[in-house]
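# Chain and residue survey
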There are 2 protein chains.
Amino acid sequence: MEQRQIVVVGGDAAGMRAASVAKRRGGDDVDVVVFERGAHTSYALCGLPYFVGGLVHGADRLVARTPEQHRENGIDVRMGHDVRAVALGAHEVEVVGPHGDVTRERYDRLVLATGAAPVRPPLPGIDAPGVSSIHSIPDAVALDALLRDRQPRRAVVVGGGYIGLEMVEAFLLRGLEVTLVEKLTQPMATLDPEMAERVADALVALGVDTRLGVGVEGFETGADGWITGVATEQGIVPADVVVLGLGVRPRTELARDAGIEIGPTGAIATDDHQRTSAPDVFAAGDCAQTTNRVSGKPAWVALGTHANQQGRVVGENVVGGDATFPGVLGTAVTKVCDTEIARTGLNRREAADAGFDVAAAITEGRTRAGYYPGVSKMAVKVVAEAASGRMLGAQIVGGKGAAKRVDAFAVAIWNGMTVEEFAQLDLGYAPPFSTPIDVSLLAARGVRL
Amino acid sequence: MEQRQIVVVGGDAAGMRAASVAKRRGGDDVDVVVFERGAHTSYALCGLPYFVGGLVHGADRLVARTPEQHRENGIDVRMGHDVRAVALGAHEVEVVGPHGDVTRERYDRLVLATGAAPVRPPLPGIDAPGVSSIHSIPDAVALDALLRDRQPRRAVVVGGGYIGLEMVEAFLLRGLEVTLVEKLTQPMATLDPEMAERVADALVALGVDTRLGVGVEGFETGADGWITGVATEQGIVPADVVVLGLGVRPRTELARDAGIEIGPTGAIATDDHQRTSAPDVFAAGDCAQTTNRVSGKPAWVALGTHANQQGRVVGENVVGGDATFPGVLGTAVTKVCDTEIARTGLNRREAADAGFDVAAAITEGRTRAGYYPGVSKMAVKVVAEAASGRMLGAQIVGGKGAAKRVDAFAVAIWNGMTVEEFAQLDLGYAPPFSTPIDVSLLAARGVRL
């Protein structure tokens, strides 16, 4: 093989995984150059709330691998470099260096791993000090410093999705009074309403002032310019610190400007090899669109797991491999204090939207034998196709040990199992781990077809 | 339907489940009579070690449903009744009542749910006070009383299987010095040696005097007749209390004497409807043989899960249903203090015995993100068919959260997934629950075909 240059844009999970695999597979036959705008590589975005919550001591613990460590593996990592254009015909990228110098770099294969950006609607006061997103190590370090230096008492979290709930937990752990403001009438938009209601109940039980169905109109500031309150449809909520958990959007400007196809989800369209519409250009991670295996439709899920897996696929393919990414189920887990939350596949609405005739049921059960210490309640909702009984999705809300039960559902849905088949599975049972027949099995049996 | 009489022998999980389902389905058309030798129905055998360990307060908490509660559901439960013979031709059972009175009871359908009995080899001194099996509520209550009344200091557990390890934990929780004596060179005979070694290391780390490869020859007693030590091939181990964890054997005397076929596992042969070789006679639970779905061979696994599921199948079938039990994978989980242990499918030896050409690998990983509090190590062994990559089995040893990961493997093996397919699954990830790519996925990828 002639010497090849592989250029990667973005030095977090997907980009560095692609770079690492390409270098390991390609060895001396490939030069791998990574351009990263920021100051960190391979860091755990999903760990930021736990750092803010004080569970992780030192933001450097969130860095899986530093630029230096990547360089030791033969990867040419260039920090503080912003790729601002791709010339597809010339096979070149235009890069702005840390001192404003502009250079062009040739590529044989280009990997776009530009990630996602937090959604920040143009509301009055959104840029006030004390209002932050949590999407980078500097974001988290700044918030941690603010919590220590200014000793705020009242936190408001705007948005009740994954990051929102994780930040609620973080503020509770730091001893703040917490208000959650969510425009929808439920937290966790990816759950069906009855399951989300259980999450809302858990928030209230934790003492969180939970305001659902309330839109945010802006941010009030004091004489010093700092945040003092969140203006909502239902009046002002006093706030000493605010975090926005309004979701993320794929960073696609670079691809879009180059004329690379953007999919209906707003993320970069890719095929099962993570190839984009442009020759020799791949995309992976939070900027890339994929496919939902249950609906067969385009999907966009910003999650470290997929970033890693897609990065590996790209890393193999840029050095001549034939790896494929099989699509996603939309499996996700999180927790807020002792309440665990999980989902996989399609919820009822998504299933209906995908054209399925749906049968579904919620089953209440326990995480452990009823007599075993630490037992807690859990609820499992199973969504199936009414005619065939094929499982389409599952949602779980419950105490410790509840969430990872979603994996059994994920494997079952991946394999097209029916609820009747699932109900007969041989899952692990012992009193510390389950009731004699796991609630997951009862939940599958609970669906009346 | 004419009035039918259903007779059930044995009032624990399988028998009472069969009775309950039959009564619920059959209603007034069926009389359901249950004969139970002991004083309890529907109790949690697998909870006994946790009661002895002091985690469960009151043995009555282990009773899911009392005889009275079953009677309220219309089941004629007769306690202290020992069925001593079955006359297949006459469709009758011969029963010895609590006062020694012998009666005969006609059946239209007979359900054998005679359970299992602890193995008690005829060793000198095995019946001495202070030496006990843990297989019934009276066993556990007596041991609990002994621990309180005699305040023993040194406990010896004979046998390092599930019950043995759970009793090790129970004695540690009660503050005793514990010695484990196991004839094999590893604990947990159903794990491959390298995985079992991790369990042995955990026992040693807990301060358990772990004596592997040491046979027991008898039990020493003092002047008062009470246990003073366990005589082993390597000398006497002092003991103030001894528990036997030598496994269980199916109780098949009643079936055998009636001429009902016993399978190669020593348990009652059944088909997929839980029918025995005799007309109108069914068997369920610890006395019944089933099939291993991976090897296709007869299997016998005494576990509450299967007892419940088989009981349900029988309950439906005795009232004219057509339910089937699909066989087992041999999924099992347990823990000893903070070390969790799980297995499903075939281990390497079992796979080789079943004629498979085996590829296998052990992968080390973590239960949570490396920076998240409470993260611990876990090891996963995956056993696959070398030619096809089809997964045959998995074993897990690790910290909190490790064991129930076995469920994802169980579902995958049930569906015949290959290691390559498994490695691409979309499993749940968040820092409190997993590394970005779950160690289960890495373990599947780790198998070189």
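Below is a short write-up of the structure. (Residues numbered from 1 in each chain as written. Chains lettered and ligands numbered in written order. Predicted model: local features only at pLDDT ≥ 70, side-chain atom pairs only at ≥ 80, totals over all residues. Heavy atoms only, no water.)

## As for the overall build of chain A
- Along its length, chain A carries twelve helices and 25 strands.
- Radius of gyration (C-alpha) of chain A: 23 Å, near the 22 Å computed for a compact globule of 449 residues.
- For chain A, the spread of C-alpha atoms along the three principal axes comes to 65 × 60 × 40 Å.
- Taking contacts inside chain A between residues at least 6 apart in sequence as the whole, the part at least 24 apart equals 63%.
- Summed over its atoms, the accessible surface of chain A is roughly 16,500 Å², and 48% of this surface lies on carbon and sulfur atoms.
- Counting 44 positive and 55 negative side-chain charges, chain A places the averaged centre of each group 3 Å from the other. (Helix = DSSP H or I, 4+ residues; strand = E, 2+ residues; numbered from the N terminus. Rg over C-alpha atoms; globule rule 2.2 N^0.38 Å. Contact = heavy atoms within 4.5 Å. Areas by Shrake-Rupley, 256 points an atom, 1.4 Å probe, with all protein chains shown as cover. Lys, Arg positive; Asp, Glu negative; His and termini not counted. Charge placed at Lys NZ, Arg CZ, Asp CG, Glu CD.)

## Re the interface of chain A and chain B
- The interface is formed by 59 residues belonging to chain A together with 58 residues belonging to chain B.
- Summed over both sides, the interface between chain A and chain B buries roughly 5,000 Å², with carbon and sulfur atoms accounting for 62% of that surface.
- Looking only at chain A, the three residues that lose the most surface to chain B are Tyr-371, Asp-426 and Phe-433 of chain A, adding up to 16% of its buried area.
- Linking chain A with chain B are two salt bridges, by the criterion used here.
- Among the ionic pairs, Lys-404 of chain A bridges to Asp-438 of chain B, the shortest N-O distance being 2.6 Å. (Buried area = accessible area lost by both parts, 1.4 Å probe. Salt bridge = Lys/Arg side-chain N within 4 Å of Asp/Glu carboxyl O.)

## Considering the pattern of salt bridges
All names here are of chain B.
- Applying the stated criterion across every chain yields a total of 55 salt bridges over all chains.
- With a shortest N-O distance of 2.8 Å, Asp-76 and Arg-78 are connected by a salt bridge.
- Classification of Asp-76 as partly exposed rests on a relative accessible area of 31%.
- Note that Asp-280 and Arg-109 form a salt bridge whose closest N and O atoms lie 3.2 Å from each other. (Buried < 20%, exposed > 50% of the residue type's maximum accessible area, 1.4 Å probe, protein only.)

## Some thoughts on the sheet that holds strand S16 (residues 241–244) of chain A
All names here are of chain A.
- Taking strand neighbours across the sheet as the criterion, the five strands line up as S9-S16-S10-S11-S12 in an open arrangement whose pairing is parallel. Each edge of the sheet is formed by a strand with only one pairing partner; in this case those strands are strand S9 (131–133) and strand S12 (209–212). Each strand axis lies, on average, 20 degrees off the axis of its neighbour in the sheet, ignoring direction.
- In this structure, strand S10 (residues 154–158) lies alongside strand S11 (residues 177–182), joined through five bridges in parallel fashion. Residue pairing in the sheet places Arg-154 in a bridge with Glu-177 of S11.
- Sheet contacts for helix H4 (residues 137–150): S9 and S16; angle to S16, the most-contacted strand, approximately 160 degrees. (Pairing = 2+ DSSP bridges. Axes fitted to C-alpha atoms, helices over the stretch in contact; angles between N-to-C directions.)

## Topic: the relation of the copies chain A and chain B
- Rotating chain A by 180 degrees and moving it 0.0 Å along the rotation axis overlays it on chain B with an RMSD of 0.0 Å. Viewed as a symmetry operation, the transformation between the two copies matches a two-fold axis. No C-alpha of chain A approaches the rotation axis more nearly than that of Ala-408 of chain A, which lies at 2.3 Å. (Least-squares fit on C-alpha atoms with pLDDT ≥ 70 in both.)

## Looking at helix H1 (residues 13–26) of chain B
Residue and element names in this part refer to chain B.
- For H1, which comprises 14 residues, the first-to-last C-alpha distance of 19 Å matches the rise-based estimate of 20 Å (1.5 Å per residue) to within 8%.
- Among the 14 residues of H1, ten are classified as buried, and the element is accordingly described as predominantly covered.
- Residues of H1 that are buried in the fold lie against strand S1 (4–9), strand S2 (30–36), helix H3 (67–72), strand S3 (76–79), strand S7 (109–112) and helix H8 (304–317).
- Backbone geometry just downstream of H1 places Gly-27 in the positive-phi region, at approximately 60 degrees. (Expected span 1.5 Å × (residues − 1).)

## Things to note about the packing of helix H1 (residues 13–26) of chain A against helix H8 (residues 304–317) of chain A
Residue and element names in this part refer to chain A.
- Where H1 meets H8, the axes come as close as 7 Å, and the angle between the chain directions of the two elements is 35 degrees. In the crossing of H1 with H8, the sense of the turn from one axis to the other is right-handed. In this structure, H1 uses Ala-13, Ala-14, Arg-17, Ala-18, Val-21, Ala-22 and Arg-25 to contact H8, whose residues at the interface are Ala-307, Asn-308, Gln-309, Gly-311, Arg-312, Val-314, Gly-315 and Glu-316.
- The class makeup of the residues in the contact of H1 with H8 is seven nonpolar, four polar and four charged. (Left-handed = near helix turned anticlockwise from the far one by under 90°. Nonpolar A, V, L, I, M, F, W, Y, C, P; charged D, E, K, R; others polar.)

## Describing the packing of aromatic side chains
- For the structure on display, the rule yields four aromatic pairs over all chains.
- On the basis of an interplanar angle of 80 degrees and a centroid distance of 5.1 Å, the ring pair of Tyr-50 of chain A and Tyr-372 of chain B is categorised as edge-to-face. You can see Tyr-50 of chain A sitting in helix H2 (residues 48–52) and its partner Tyr-372 of chain B sitting in the loop between strand S23 (358–366) and strand S24 (377–385), one on each of two chains.
- Each ring, one from Phe-409 of chain B and one from Phe-422 of chain B, has its centre 4.7 Å from the other, and the planes form 15 degrees; the classification is stacked. With Phe-409 of chain B in helix H10 (residues 406–414) and Phe-422 of chain B in helix H11 (residues 419–423), this residue pair connects regions lying 13 residues apart in the sequence. Here Phe-409 of chain B matches Phe-422 of chain B in class, with each residue buried.
- Over the ring of Trp-226 of chain B we find Arg-150 of chain B; its NZ or CZ atom is 3.4 Å from the centre of that ring.
- Directly above the aromatic system of Trp-414 of chain B lies the positively charged group of Arg-293 of chain B, at a separation of 3.7 Å from the ring centroid. (Phe/Tyr/Trp six-rings, centres within 6.5 Å; stacked < 30°, edge-to-face > 60°. Lys NZ or Arg CZ within 6 Å of the ring centre and 35° of its normal.)

## Overview of the environment of His-306 of chain B
- Of note, His-306 of chain B is situated in helix H8.
- The spacing of His-306 of chain B and Phe-325 of chain B is 19 residues in sequence and 9.0 Å in space, taken between C-alpha atoms.
- If we skip the residues at most four places from it in the chain, His-306 of chain B touches Asp-426 of chain A together with Val-301, Gly-311, Phe-325 and Val-328 of chain B.

## Considerations on the pairing of S10 of chain A
Residue and element names in this part refer to chain A.
- Most of S10 sits inside the fold, with four of its five residues counted as buried.
- Bridge analysis of S10 against S16 gives four bridges, and the strand direction is parallel. Looking at S16, one finds that Val-157 is bridged to Val-243.

## Considerations on the environment of Gly-58 of chain A
Residue and element names in this part refer to chain A.
- Mapped onto the elements of the fold, Gly-58 is located in the loop between H2 and helix H3 (67–72).
- Given a relative accessible area of 27%, Gly-58 falls into the partly exposed group.
- On a C-alpha basis, the gap between Gly-58 and Met-79 in space is 21 Å, while along the polypeptide they are 21 residues apart.

## Examining unusual backbone geometry
All names here are of chain A.
- The phi torsion at Met-188 lies on the positive side, around 50 degrees, for a residue other than glycine.
- Looking at where Met-188 falls in the secondary structure, it is placed in the loop between S11 and helix H6 (193–205).
- On the accessibility criterion, Met-188 (1% relative accessible area) is buried.
- Phi is positive for Gln-274, which is not a glycine, with a value near 65 degrees.
- Structurally, Gln-274 is set in the loop between helix H7 (253–258) and strand S18 (281–283).
- On the basis of relative accessibility, which here comes to 1%, the residue Gln-274 falls in the buried class.

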